[in-house]
Amino acid sequence: MARSNKPIVWGPFAAGGTLTAFLTPALILLTLLAALGHAPDLLAYERLHAVASHWLAKLVIVGIVFLSLWSAAHRLRITLYDLGMRADALVATVVYLIAVAGTLAAIVYLLRI
Amino acid sequence: MSERVVELEVLRYNPETDSEPHFQRYSVSCEEEWVVLDALNKIKETIDPTLSYRWSCHMAVCGSCGMMVNGEPKLACKAFLRTFDGVIRVEPLAHFPIERDLVTVIDDFVMKLKRVKPYLIPKQDKPVSEGEYLQTPAELKKYKQYTLCINCMLCYAACPEYGLIPNYIGPAAIALAHRYNQDSRDGGRDERQEEIAATEGVWDCSFVGACSEVCPEHVDPAGAIQQVKIKSMVDWYKEHLMPWVKK
Amino acid sequence: MSRRPYVREIPKFRWFFRQPRYLRYMARELSCLFIGAYALMMVWGSKQLADGPATWGAFLERLHSPSSIAFHVLALGFALYHTITWFNLTPKALPVQVGGEFVPDGVIVGAHYVGWGLLSLAVLYFAGAF
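Residues numbered from 1 in each chain as written. Chains lettered and ligands numbered in written order. Predicted model: local features only at pLDDT ≥ 70, side-chain atom pairs only at ≥ 80, totals over all residues.

Undergrad: Help me understand the overall build of chain A, please; the structure alone is not making it clear to me.
TA: A tally of helices and strands in chain A yields four helices and zero strands. Element order for chain A, N to C, with α for helix and β for strand: α-α-α-α. A compact globule built from 113 residues would reach a C-alpha radius of gyration of about 13 Å, whereas chain A, at 17 Å, exceeds it by more than 25%. Counting only C-alpha atoms and orienting by the principal axes, one finds that chain A spans roughly 55 × 30 × 20 Å. Considering only contacts in chain A between residues 6 or more positions apart, those separated by 24 or more positions represent 68%. (Helix = DSSP H or I, 4+ residues; strand = E, 2+ residues; numbered from the N terminus. Rg over C-alpha atoms; globule rule 2.2 N^0.38 Å. Contact = placed C-beta atoms within 7 Å.)

Now the structure itself:
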């Protein structure tokens, strides 16, 4: 038996699971308010653009996006196995790639702000 | 003492005559305060002496009488008849091959238990003349709950991942490895990591938590497994990202 | 006497219907779909924000659609379920021993809920939601 390299993918999963547990409900509530016609001030273009212009805000947003996507990807991988999909290597490659591609896209977009 | 007639549906399998298992219905009069094991004993004594099952202590200590009672892994000696309504369905422990009737083949668990070296491996041997290996109450607390494991395998029958991934080392074996890793007198963690930090060790666990919910001795294997995951992760990052930090 | 152990097949797909606790587990795991989708929505939102006021306005406008509201309500439900299950399992993974005794699970979980409440209030306050 050799020790597994799973910690590489599990570390960000555990961190992302914790982050999303603390943060995601509040974030969803913000856009839900906007969806119901009570958009919080932060979502006004000028204010959000000004906030997102700061490098620290960009870093925070990228961090949130990466950890959320990664923990979701890892969980989806496990769930697909639980649901009978046995091509784990393929599933893992696809879901982690989506998480990384989403993060890179967020970096590109945020740098344009 | 009041008696009542209890209906049991027991999964039967005779390897010499049956191609597959089938349910057999028994009606047996039982005392109100009896457990499923009492009902099985009464069936064997008065109705059907061919019924096979394991049991020994009748007091939740030996871990022999684990079986599925209405789909839930339970010790038959701890499953009180009065807690069930209607027909009680009794099957051998899930996820294990059936040897005969309610008797399962447990070799897989026994081999896995052996692999994790569930015994003290002292950091360095010392002669008896130097005295005992001392331990404080706080050091004892660190692992005490895991010593309550009776190897009854209910956690294996509850764990869906063990059902899906037969190579998975599983809850009790990992909890017992963790029990010795947490022991201040032990120095064998490195050897045990070879088994439990492998892919077939803790990494096949998805933290369903069923193992801890069904444990009749209130051991928390799910907790032990997550703690081993976190420690193995720290090991991995230390080894690969900070190679200058040597153990 | 011949040994001929019988192996029961485990359904590869339907196994989680066998016990309520497996269904609860599946519900917890499926929260990842909504948390992942919401993160992708954040990525899309940052593109719309970078593209200028008009596209950002259109993005906000699209949030009003019934399907968007339905998604948000579902996502909020699953996100809350994720939060609750995650916090409740935390003391198992990270037990704290002070002196000789282990801190009771309820204290660790409670501390998480307090921290979560404060953080959520801070986010809502910073965003000017109230």
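Undergrad: What am I meant to see in the overall build of chain C here?
TA: Per the secondary structure count, chain C includes four helices and two strands. Seen in sequence order, chain C has helices and strands lined up from the N terminus as α-α-α-β-β-α. Scaling as 2.2 N^0.38, a compact globule of 130 residues should have a C-alpha radius of gyration of about 14 Å, whereas chain C reaches 22 Å, well beyond that. Principal axes of the C-alpha set define a box for chain C whose edges measure 80 × 45 × 20 Å. Split into buried and exposed, the 130 residues of chain C put 26% on the buried side. Excluding contacts between residues fewer than 6 apart, the proportion of contacts in chain C whose partners are at least 24 apart in sequence is 43%. (Buried ≥ 20, exposed ≤ 12 C-beta atoms within 10 Å, placed from the backbone.)

Undergrad: What should I look at first to understand the interface of chain B and chain C in this one?
TA: You'll often see interface size given as the accessible area lost when the parts meet. Opposite the 28 residues of chain B that make contact, chain C presents 22 residues. Of all elements in the fold, only strand S6 (98–100), helix H3 (137–144), helix H5 (160–164), helix H8 (210–214) and helix H9 (221–241) of chain B reach the threshold of two or more residues within the side of chain B that touches chain C. The leading source of residues in the side of chain B that touches chain C is H9 of chain B, at five residues.

Undergrad: Could you clarify how one ought to interpret H9 of chain B in this entry?
TA: It helps to recall that an α-helix has 3.6 residues per turn; residues three or four apart then point in one direction. Taking 1.5 Å as the rise per residue, H9 of chain B with 21 residues should run 30 Å; its terminal C-alpha atoms sit 30 Å apart, in good agreement. Where H9 of chain B is concerned, the buried positions are Pro221, Ala222, Gly223, Ala224, Ile225, Gln226, Gln227, Val228, Lys229 and Ser232 of chain B. Residues of H9 of chain B that are buried in the fold lie against helix H1 (7–35) of chain A, helix H4 (154–158), helix H6 (171–181), helix H7 (189–196) and H8 of chain B together with helix H3 (66–93) of chain C. (Expected span 1.5 Å × (residues − 1).)

Undergrad: I keep staring at the sheet that holds strand S4 (residues 72–75) of chain B and nothing clicks. Help me out?
TA: Sheet strands line up and pair through hydrogen bonds in the backbone, either parallel or antiparallel. Residue and element names in this part refer to chain B. Taking strand neighbours across the sheet as the criterion, the five strands line up as S2-S1-S5-S3-S4 in an open arrangement whose pairing is mixed. If you trace the sheet from one side to the other, it starts and ends with strand S2 (22–31) and S4, each paired once. The mean angle between the axes of side-by-side strands here comes to 35°, regardless of whether they run parallel or antiparallel. The pairing of strand S1 (residues 3–12) with strand S5 (residues 88–92) spans three bridges and is parallel. If you follow Glu9 over to S5, its bridge partner there is Arg89. (Pairing = 2+ DSSP bridges. Axes fitted to C-alpha atoms, helices over the stretch in contact; angles between N-to-C directions.)

Undergrad: Can you walk me through the interface of chain A and chain C in this structure?
TA: With 47 residues of chain A in contact, the opposing surface of chain C contributes 42 residues. When contributions to the side of chain A that touches chain C are tallied by element, the ones reaching two or more residues are H1, helix H2 (45–53), helix H3 (55–82) and helix H4 (88–111) of chain A. Residues belonging to the side of chain A that touches chain C are distributed by class as follows: 33 nonpolar, 11 polar and three charged. (Nonpolar A, V, L, I, M, F, W, Y, C, P; charged D, E, K, R; others polar.)

Undergrad: Where do I start with the nonpolar core in this structure?
TA: In globular proteins that are soluble, nonpolar side chains generally tend to be buried together. In terms of nonpolar packing, the biggest core is built from 71 residues, with Val36, Ala76, Met153, Cys155, Ile174 and Leu176 of chain B touching the most fellow members. If one sorts the elements of this core by residue count, H6 of chain B sits on top with seven residues. No fewer than three residues from each of domain 1 (3–104) and domain 2 (107–241) of chain B sit in this core. Those residues in contact with Val36 of chain B that lie beyond four places of it in its chain are Val69, Ala76, Ala79, Leu81, Ile88 and Val90 of chain B. Counting 41 residues, the second largest nonpolar core, distinct from the first, contains Leu43 of chain A together with Val43, Ala75 and Ala79 of chain C. (Core = buried A, V, L, I, M, F, W, Y, C linked by C-beta atoms within 7 Å. Domains from an automatic or database assignment.)

Undergrad: Can you walk me through the pairing of S1 of chain B in this structure?
TA: For a regular strand, the rule is simple: side chains alternate between the two faces of the sheet. Here S1 of chain B pairs with S2 of chain B via 10 bridges, running antiparallel. The partner of Val10 of chain B across the bridge, within S2 of chain B, is Gln24 of chain B.

Undergrad: In this structure, what is going on with the confidence of the model for chain C? I would like to understand it.
TA: Any segment with low pLDDT has predicted coordinates that should not be analysed in fine detail. Mean pLDDT for chain C: 96, with 99% of residues reaching 70 or above. Scored as a complex, the prediction yields pTM 0.95 and ipTM 0.96. (pLDDT = per-residue confidence, 0-100.)

Undergrad: Help me out: how do you make sense of unusual backbone geometry in this one?
TA: A negative phi angle characterises most non-glycine residues, just as the trans form characterises most peptide bonds. Residues and elements named next belong to chain B. A positive phi angle, close to 75°, is found at His95, a residue other than glycine. The backbone phi angle of Asp101 is positive, close to 45°, even though this residue is not glycine. Its location among the elements puts Asp101 in the loop between S6 and strand S7 (103–104). Judged by local crowding, Asp101 falls into the buried class, with 24 C-beta atoms found within 10 Å.

Undergrad: Teacher, can you tell me more about H4 of chain A here?
TA: The terminal C-alpha atoms of H4 of chain A lie 34 Å apart, and with 24 residues this matches the ideal 34 Å at 1.5 Å per residue to within 8%. In this fold, the buried residues of H4 of chain A make contact with H2 and H3 of chain A together with helix H1 (20–50) of chain C.

Undergrad: Help me understand the packing of H4 of chain A against H1 of chain C, please; the structure alone is not making it clear to me.
TA: Each pair of packed helices can be summarised by the angle the axes make with each other and by the distance between the axes. H1 of chain C packs onto H4 of chain A with a crossing angle of 20° between their chain directions and a minimal axis gap of 8 Å. Relative to H1 of chain C, H4 of chain A is oriented roughly parallel. In this structure, H4 of chain A crosses over H1 of chain C, and the sense of that crossing is left-handed. Touching Gly102, Ala105, Ala106, Tyr109 and Leu110 of chain A of H4 of chain A are Ala39, Leu40, Val43, Ser46, Lys47 and Ala50 of chain C, all from H1 of chain C. (Parallel < 35°, antiparallel > 145°, perpendicular 65-115°, else oblique. Left-handed = near helix turned anticlockwise from the far one by under 90°.)

Undergrad: Looking at this model, I keep getting lost on the environment of Ala39 of chain B. Mind explaining?
TA: Inspection of the secondary structure assignment puts Ala39 of chain B in helix H1 (residues 36–46). With 24 C-beta atoms packed within 10 Å, Ala39 of chain B lands in the buried category.

Undergrad: Before we go on, may I ask you to explain the pairing of strand S3 (residues 66–69) of chain B in this structure?
TA: Residues and elements named next belong to chain B. Across the two faces of S3 the burial is the same, with Gly66 and Met68 and Met67 and Val69 all buried. Here S3 runs beside S4; their pairing, made up of four bridges, is antiparallel. Residue pairing for S4: Met67 is matched across the bridge by Lys74. Linking two consecutive strands that pair antiparallel, namely S3 and S4, is a turn of two residues; a positive phi of about 50° is found at Asn70 within it. Alignment of S3 against S5, held across three bridges, turns out to be antiparallel. Bridging across to S5, Val69 finds its partner in Val90.

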